[in-house]
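# Summary of structural features
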Amino acid sequence: MDRLLLTVICLLLVPMLWAGTIRGRAIDGATGQPITGATLLLENTKQYAVSGLDGSYLIKNVPAGTHKIRVSYVSYRTLTRDVEVTSTEQIITLDLPLETENDRQLTEITIKAKRDGSSDRTARDIERNALQITNIVSGRTIELSPDLTVANVIQRVSGISIERNSNGDGQYAILRGMDKRYNYTLVNGVKIPSPDNRYRYVPLDIFPAELLDRLEVYKALTPSMEGDAVGGAINMVMKDAPDRMTVLANISTGVSELFFNRPFVSFDAKQINSQSPYEQFGNRYSAKFTDFTKASTTYTNQTPPPNVFGSFAIGNRFFDRRLGIILAGSLQNTFRGSNSLFFNGDVVDTLRGITLTKQSERQYSEHQTRYGLHAKMDFRLNRDGEPENKIQWFNAFISLENQQIRETKSTELGIGGFDPVLGNATLGYETRSRLTKQKIYTSTLQGNHQLTPIFGINWSAVYSLATNEVPDQTNVPLLGIRKNFVEQRTTVNDGQRRWEHNSDTDLAGYLNLTLKTNLAGIAVEWMAGGLYRDKQRTNFYNNYTLLPSNPFARYGVDFTDYNQIAWTIQNPLGSVASALNYDATEKMASGYLQFRTTNQPLEITGGVRIEHTDQGYAMKFPIGEDNPTGSQIYTDVLPSMHFRYRPDERTNWRLSYFRSLNRPGFFEIVPYRIINEEYQERGNPNLKRAIADNIDLRYEFFPHPLEQFMVGLFYKHIQDPIEYTLQKDAIRGQDLYYGPGNFGNATNLGLEVDAIKYFRQWGVKANYTYTNSSITTPKSKRIRNAQGDLQTITVNQSRALYGQSAHVANLSLLYKDAAHGWDGQLAASYTGGRINTVSQFVDNDLYQKGFIQMDASAEKQIGQGRAGRGFLVFAKANNLLNTPTEIFINNTSSKNSEVPNQDISDKTLIRRDFYQRSYLLGVRYKL
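Along every chain, residues carry numbers that run from 1 in the direction the sequence is written. The predicted nature of this model means local features are confined to residues of pLDDT at least 70 and side-chain atom pairs, given and counted, to a pLDDT of 80 or more, with totals for whole chains, interfaces and linings taken over all residues. For the side-chain quantities, the full set of heavy atoms in the structure was used; hydrogens and water were omitted.

Let's shift gears to the overall build of the chain. Scanning the chain from N- to C-terminus turns up 5 helices and 51 strands. The 927 residues of the chain split such that 55% are buried. Look at the contacts in the chain between residues 6 or more apart in sequence, and 71% of them connect residues 24 or more apart. A 1.4 Å probe and the Shrake-Rupley method give the accessible areas. Residues count as covered only by the protein chains that appear here. Surface summary for the chain: the accessible area is close to 39,700 Å², and the carbon and sulfur share equals 56%. Strands are runs of DSSP state E lasting at least two residues, helices are runs of H or I lasting at least four, and both sets are numbered from the N terminus onward. Relative accessibility thresholds used throughout: buried, under 20% of the residue-type maximum; exposed, over 50%; partly exposed, between the two (1.4 Å probe, protein chains only). Note on definitions: a residue-residue contact is assigned when non-hydrogen atoms from the two residues lie within 4.5 Å.

Rendered as structure tokens:
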């Protein structure tokens, strides 16, 4: 009995003897920044812990006595410390600073390892020390995120929403409520041309996210930056040569739920003719139907193969680390699409709203092949300890090929609207096949030369080419059965075989001079420089109109293959005499002077930039009496001033002002005329550039190197904003046309909040943006006069800017268990309602309904690799809520109440697209 009692007492006392706790943080000894994933081991007890996202660790139940704690992490020297636990309830706080393996103290020279440009730590450092208001997404964040393209990545940044393409992926960025036209895109700090056939903006879905070291968003412009951005500028920083031999590779596969319930429809894009008969045989050749291949109308229904993704990067430094080389590539082969419901309507009387006349069910099948290659070489002419003298050569080639089939089944509801008693309906069928090839190539040779400790030169020579090809786009329209209609319409929309291609070539040179001075005891860095760019753009368009011999032919009854349809060519010579055949040029020269005070709590960066633009066009086939050539020549003076006050190392107060501009698109100033059913569409040779004055105020707090809290205000006043509206012909008076114009002034103001916080293994990233904008433009209004007749008048109406959402928010929940190799993320993005299309009629703008998209990703390290080295398995899931895109008008007609699928209260549904969920599973390797 005594022995049993003694045993129980001992068992009760043992936990008390092991009650000591050691906690603290693993940090970088030079910077104090937390180290995530460091291993901490008590050598005599074999107890261990792994530092969390905030660098913190916790080791419980440490017995009393003296212990050796050993801390290790890749690229850092292993640290051993003695720690004594004297009390059974003692809590010891111990921060453990680590030194990098490459630190070498040689007299007064310190050689340090190169900073990892893709790390979260680097991203926060750049944001904290930037000259202007900036947001950064690190390469590591991109790697862990559910996103596969740059367009989807950028939606996670505060103040940014995206426009989606027909398969649900992001395509264009809207910064702070400013449409895509008000922003520009850079690769490694150099502007790139757009493959778009009309406009300047670059589609971001063409870029695979794996090629990036980080994504930078500049929300304010300094004098050394090009001045044609009102919303901001997007800079894609490609992967850089590492300090040591590095090999990265991943391969993955996935599926889309969309094709679980319907087949994927495809055609053989390899057999498509790249040139039209006009280009093949000359401008006097009369095309025959046998000149068109059958490939674009030969469809295959199948279950799509799995999506395939792969990427690699290999790099190292040679010759005593003076030569750095990296080669990176990415391939994405995906099968996507959407199921869409679409309505057409007529505005007979604006007081009664729109009357729906047709309902269409559309199914998209899209096979996308996206690939990119990036190569960089840099050579340091100087040796360690000498002033920097370096040459760099960047090359990037990006390609996106999209094979799309759109099948449409339409129900005509009648000119007077749908009659539920008669059930009047016409079934129509239409199919469209389209192959789109977009490519961007850019090559930059750059030099950085610190000639003296106070004077340096930076220069760049740039060649860029963007191309877009849409060969043999084929439209096949057919009518079906009509019932309960008094009028028996026997016409059908024309079939089409269309060829389009365009190219945009840039040659540019940059020069920047830097001089460090001291004025009245204040260190001032001066910069001066300039840019010259010669842009040449050419555009080709040709369309053949075809009419089916039997427009009422039905698939499966009268034919089983679209190639069995007999066609008549209405214009055998083609339609090259179009305004879409033009050449455009732009020569832009700029110079700037910039100063920056340094080593002071109040840092001031300011100066002025002058940009001279000579933009012109030449129509290859003059239309009517319009001048076949034209140009716009203007010079802009763009001042800016940026204040950054640093009361301590963790806090910034920023105040910025800058003036910027937005140039017209290349096609917008061509005097083209396109006849539509209800109005003309025209270009505007007198379209002026828009000028914007921008003010920003932001508070930034970085409690720890990986954490941040930011809150800011912005205000923009835009003179002569460019919008598309219905306008009166100045000469003919009553003629109305739809086109671009300048409309007085617009304002845009907003609030941004951005936060990142870590708690051991958990982390939260959140941001919210409120935006309010206003512009007043003329619109058409149909009313009835005293005699009861309809007449059209023009009125002014105020509204928000196109694409601007009042509320945009992101929330991501992060999890990291470094001890067991787990990383996870659940990300939600909210985009509020916004104008999708500006109508020519008052109160009939099309709005996109606000929506939430939720995505998730996870990865697990395999084996005992250190710091992500070795093998990882990862998974990504997108659009978990299967959120549709819904477009509506904020009014309705009583005649629409019985129309099927009109289920949004007090609104008229115009379009609803479903994309379904997609999943991805893969393996990543890092050496």
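Once that is clear, we can look at the sheet that holds strand β3 (residues 48–50). Sheets are built from strands paired through backbone hydrogen bonds, the pairs being either parallel or antiparallel. With respect to topology, 4 strands assemble into an open sheet ordered β3-β2-β5-β6, the strand pairing being antiparallel. What marks the edges here is a single partner per strand, and that holds for β3 and β6 (79–85). Within the sheet, the average angular offset between the axes of one strand and its neighbour, ignoring direction, is 20 degrees. Pairing of strand β2 (residues 39–42) with strand β5 (residues 65–72) involves 4 bridges; the strand directions are antiparallel. Its bridge partner being in β5, T39 is matched across the sheet by S72. Strands pair, by our definition, only if DSSP identifies at least two bridges between them. In this description, a line fitted to the C-alpha atoms serves as the axis of each element, helices being fitted only across the stretch in contact, and the angle between N-to-C directions of two axes falls anywhere from 0 to 180 degrees.

With respect to the helices and strands, P263 occurs in the loop between β18 (246–256) and β19 (264–266). When the C-alpha atoms of P263 and S365 are compared, they prove to be 8.8 Å apart, with 102 residues separating the residues in sequence. The residues contacting P263, other than those within four sequence positions of it, are N301, Q302 and S365.

Now for unusual backbone geometry. Its identity is not glycine, yet D472 carries a phi of approximately 55 degrees, on the positive side. Within the secondary structure, D472 is located in strand β26 (residues 455–483). Located in the positive-phi region is Q916, a residue other than glycine, with phi close to 65 degrees. Its location among the elements puts Q916 in the loop between β50 (908–914) and β51 (918–926). Its relative accessible area of 21% is what places Q916 among the partly exposed residues.

Moving on, we come to the packing of aromatic side chains. Any Phe, Tyr or Trp ring, taking Trp's six-membered ring, that has another such ring centre within 6.5 Å forms a pair; planes under 30 degrees apart are called stacked, those over 60 apart edge-to-face, and the others tilted. One pass over the full model with this rule turns up 19 aromatic pairs. Judged by centre distance (6.2 Å) and plane angle (55 degrees), the ring pair of Y441 and Y463 falls under tilted. Of the two residues, Y441 is situated in strand β25 (residues 425–450) and Y463 in strand β26; the sequence distance between them amounts to 22 residues. Of the aromatic side chains, those joined through ring pairs into one cluster are F289, F292, W499 and Y544. Seen from the ring of Y184, K191 lies directly overhead, with NZ or CZ sitting 4.6 Å from the centre. Should the NZ of a Lys or the CZ of an Arg lie within 6 Å of a ring centre and within 35 degrees of the ring normal, that charge is described as sitting over the ring.

The strand order across the open sheet built from 5 strands is β11-β16-β17-β14-β15, with neighbouring strands paired in mixed fashion. Each having just a single partner strand, β11 (134–138) and β15 (190–191) make up the two edges of the open sheet. Where β11 and strand β16 (residues 212–218) come together, 5 bridges link them in antiparallel fashion. Counted as the bridge partner of T134 is Y218 from β16. Its contacts with the sheet put helix α2 (residues 120–129) on β11 and β16, and the angle it makes with β11 is roughly 175 degrees.

Let's shift gears to the nonpolar core. Proteins that are soluble and globular tend to have nonpolar side chains buried together. Counting residues in hydrophobic clusters, the biggest one holds 31 residues, and the most contacted among them are I154, F207, L212 and L215. Sorting the residues of this core by element identifies α4 (150–154), β12 (160–164), β13 (170–175), β16, β17 (232–238) and β24 (389–412) as the ones contributing at least two each. Among the elements that make up this core, the one with the highest residue count is α4 (4 residues). Only buried Ala, Val, Leu, Ile, Met, Phe, Trp, Tyr and Cys residues count toward a nonpolar core, and they belong to the same one when joined by side-chain atoms within 4.5 Å. Of all hydrophobic cores here, the second largest spans 25 residues; its members include V265, F267, F292 and Y299.

With that settled, consider a nonpolar patch on the surface. Candidates for patches are residues over 30% relative accessible area with no salt bridge; among them, like charges are joined within 9 Å and nonpolar side chains (Val, Leu, Ile, Met, Phe, Trp, Tyr) within 5 Å. Salt-bridge detection follows one rule: a side-chain nitrogen of Lys or Arg within 4 Å of a carboxyl oxygen of Asp or Glu. There is a patch of nonpolar side chains on the surface, built from L602, F643, Y645, W653, L655, I695, L697, L713, Y715, L749, Y768 and Y770 and spanning about 1,000 Å² of accessible area. Every element with two or more residues in the nonpolar patch is listed here: β32 (629–648), β33 (651–662), β36 (690–701), β37 (708–719) and β41 (762–784). Along the chain, W653 falls in strand β33.

Within the structure shown, the criterion is met by 56 salt bridges. Here D504 ties to R537 by a salt bridge, and the two come within 2.9 Å at their closest N and O atoms. Pair noted here: D504 is in strand β27 (residues 495–519) and R537 is in strand β28 (residues 522–548), with a separation of 33 residues, a long-range link. By the burial criterion, D504 is buried, and R537 matches it. One salt-bridge network, held together by shared partners, links K191, E226, D228, D504, D506, R533, K535, R537, R609, E611 and R663.

Bringing the side chain of Q404 into the picture now. Its place among the elements puts Q404 in strand β24. Here a polar contact is taken to be a pair of N or O atoms separated by no more than 3.5 Å, where protein atoms must pair a possible hydrogen donor with a possible acceptor and residues adjacent in sequence count only if both atoms sit in side chains. Within the structure, the side chain of Q404 is placed 3.1 Å from the side chain of S166, a separation counted as a polar contact. There is a polar contact of 2.6 Å between the side chain of Q404 and the side chain of R432. Those residues in contact with Q404, other than ones at most four positions away along the chain, are S166, F267, Y364, S365, E366, R432, S433 and R434.

Now for the environment of V795. If you trace the backbone, V795 turns up in strand β42 (residues 790–799). Here the alpha-carbon distance between V795 and K779, two residues 16 residues apart in the chain, equals 5.4 Å. If we skip the residues at most four places from it in the chain, V795 touches T777, P778, K779, K781 and V842.

Moving on, we come to the confidence of the model for the chain. In regions of low pLDDT, the predicted coordinates are not meant to be interpreted in detail. In predicted models, pLDDT denotes the confidence assigned by the predictor to each residue on a 0 to 100 scale. Averaged over all residues, the pLDDT of the chain equals 86, while 88% of them reach at least 70. With pLDDT under 50 throughout, residues 415–424 is counted as low confidence; its partners more than four residues away or in other chains account for 24 contacts.

With that out of the way, let us pick up the pairing of β12. As a general feature of sheets, a regular strand has side chains that alternate between the two faces. In terms of residue burial, β12 counts as a mostly covered element, since 5 of its 5 residues are buried. By the alternation rule, side chains of β12 split into I160, I162 and R164 and S161 and E163, which are all buried. Here β12 pairs with β13 via 5 bridges, running antiparallel. By the bridge assignment, I162 is partnered in β13 with A173. Turn length for the β12-β13 hairpin, with the two strands adjacent in sequence and antiparallel, is 5 residues, and the turn residue G168 shows positive phi of about 95 degrees.

The sheet contact formed by β27 and β28 spans 25 bridges and is antiparallel. Note on β28: the bridge partner recorded for R498 is N543. Here β27 folds back onto β28, and the loop between the two strands holds 2 residues, one of which, A520, carries a positive phi near 55 degrees. As paired elements, β28 and strand β30 (residues 582–598) share 17 bridges and run antiparallel to each other. If you follow K535 over to β30, its bridge partner there is E586. By the bridge criterion, 3 bridges tie β28 to strand β29 (residues 567–569) in an arrangement that is antiparallel. Within the sheet, the bridge partner assigned to L547 lies in β29 and is T568.

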